[in-house]
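Inside the fold
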Amino acid sequence: MEESPKSSSGPIVILTGAGISAESGISTFRGSSGLWENHRIEDVASPEGFARNPELVQRFYNGRRNQLTLENIQPNAAHKALAKLEQEWPEPVLIVTQNIDPLHERGGSKNVLHMHGELLKSRCQACEKVFDCNEDLNSQTPCPGCQQMGSLRPHVVWFGETPLFLPEIFSALETCSLFMAIGTSSNVYPAAGFVEHIRMNTMAHTVELNLEPSSMRSNFHECIYGPASDIVPTYVDELLKA
Ligand code: OAD
């Protein structure tokens, strides 16, 4: 027997993807062009792409990082609704995001795991330390820790690399009562496989909230389609009212 989300007040895990930030002005990865901000994903999101052309990759992420300082890039109603859920739900609410932007935190969420890394962090390939990063990186930038020049890279998980926080994430998936997947096309593993893992191992209720059906839609108990800024606040209000 599966739990009804309305009658349960157990822990919640929320997987988010690029769709939740789309209405905040940040492009999704798999738009109709198949390009990410005019670049092939493999050129700017793989270790091979970085090895081939580090300056291009650094320029690309410098651009993404600078975009976050624009006034119009703000958390939208969906980010804020999830922060309200975390505040008002009696049990833990964990956001596992594939997004590298800081809009969940800017919207007020505290319990957030960035499984694909963060734009506002850099990592030194020499000393392996992670640093806050609010400035442009290039081949002359010294590491603030070991001072090695040109060793900093965006702290972003690229294709072929292992996502972050997997033990914590799987432990939360296995103990949650409700799993929500918001704004993700479910094309990239392991995140795409979370719903199957939950269905195989738990009684949790699972719901997809997306603009359109994702490739994993048949695995969810419940599917709600529309813009995140519309459907997420409505769903959260229903949960909090029940
Ligand atoms: P995608 O770009 O693959 O998918 C975005 C999803 O959001 C699509 O299913 C859209 O239909 C949906 N969407 C778009 N606008 C929306 C809106 N306003 N409201 C609700 N949904 C909307 O992005 P992700 O699934 O997040 O990884 O991509 C996963 C990973 O692939 C990324 O984290 C990144 C990428 O390559 C790495 O870089 C490692």
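See the structure printed just above.
The text that follows walks through the structure, step by step, so that each part is easy to find.

1. Observations concerning the side chain of Thr-16
Its place among the elements puts Thr-16 in strand β1 (residues 12-16). There is a polar contact of 2.9 Å between the side chain of Thr-16 and the side chain of His-104. The residues contacting Thr-16, other than those within four sequence positions of it, are Leu-82, Ile-95, Val-96, Thr-97, Gln-98, Asn-99, His-104 and Ile-182.

2. Some points on the packing of aromatic side chains
Evaluated as defined, the whole model comprises five aromatic pairs. Their ring planes at 40° and their centres at 6.1 Å tell us that Tyr-61 and Trp-158 sit as a pair that is tilted. Residue Tyr-61 is found in helix α4 (residues 54-67), and its partner Trp-158 is found in the loop between β6 (152-156) and α7 (166-175); the two are separated by 97 residues along the sequence. The pair formed by Tyr-61 and Trp-158 is uniform in burial state, with each residue classed as buried. One aromatic cluster in this structure is built from Phe-50, Phe-60, Tyr-61 and Trp-158.

3. Considering the pairing of β6
The element β6 is largely enclosed, with a buried count of five among its five residues. Direction of pairing for strand β4 (residues 117-124) relative to β6: antiparallel, over a ladder of five bridges. Within the sheet, the bridge partner assigned to Ser-122 lies in β6 and is Pro-154.

4. Points about the pairing of strand β7 (residues 178-182)
Where burial is concerned, most of β7 is hidden: five out of the five residues are buried. Side chains of β7 alternate between two faces, with Leu-178, Met-180 and Ile-182 and Phe-179 and Ala-181 buried alike. Bridging between β1 and β7 involves five bridges; their strand directions are parallel. Considered in β7, the bridge of Ile-14 is made with Met-180. The parallel pair β7 and strand β8 (residues 205-210), bridged by helix α8 (residues 194-201), forms a crossover whose chirality is right-handed.

5. Topic: unusual backbone geometry
With an omega of 10°, the peptide bond between Tyr-189 and Pro-190 qualifies as cis. By the element assignment, Pro-190 lies in the loop between β7 and α8. Residues other than glycine seldom take positive phi values, yet Gln-147 does so here, at roughly 70°. Take Gln-147: it is sitting in the loop between β5 (130-132) and β6. Look at Gln-147 and you get exposed, because its relative accessible area is 52%. Phi at Phe-165 takes a positive value of approximately 65°, unusual for a residue other than glycine. Inspection of the secondary structure assignment puts Phe-165 in the loop between β6 and α7. With relative accessibility at 32%, the residue Phe-165 sits in the partly exposed group.

6. Digging into the site of the ligand
Inspection of the region around the ligand gives 22 residues, with Phe-29, Arg-30, His-116, Thr-184 and Ser-185 positioned closest. Leu-211 is positioned such that a nitrogen or oxygen atom in its backbone is 3.2 Å from a nitrogen atom of the ligand. In the environment of the ligand, an oxygen atom lies 2.8 Å from a nitrogen or oxygen atom belonging to the side chain of Glu-212. Protein contacts shield 93% of the accessible area of the ligand, which totals 800 Å² for the unbound molecule. Of the residues assigned to the shell around the ligand, the class counts are nine nonpolar, ten polar and three charged.

Cut-off values and rules
Residues numbered from 1 in each chain as written. Predicted model: local features only at pLDDT ≥ 70, side-chain atom pairs only at ≥ 80, totals over all residues. Heavy atoms only, no water. Helix = DSSP H or I, 4+ residues; strand = E, 2+ residues; numbered from the N terminus. Polar contact = N/O pair within 3.5 Å; in protein donor to acceptor, adjacent residues only side chain to side chain. Contact = heavy atoms within 4.5 Å. Phe/Tyr/Trp six-rings, centres within 6.5 Å; stacked < 30°, edge-to-face > 60°. Buried < 20%, exposed > 50% of the residue type's maximum accessible area, 1.4 Å probe, protein only. Pairing = 2+ DSSP bridges. Right-handed = clockwise from strand over helix to strand, strands pointing away. Near = heavy atom within 4 Å. Areas by Shrake-Rupley, 256 points an atom, 1.4 Å probe, with all protein chains shown as cover. Nonpolar A, V, L, I, M, F, W, Y, C, P; charged D, E, K, R; others polar.

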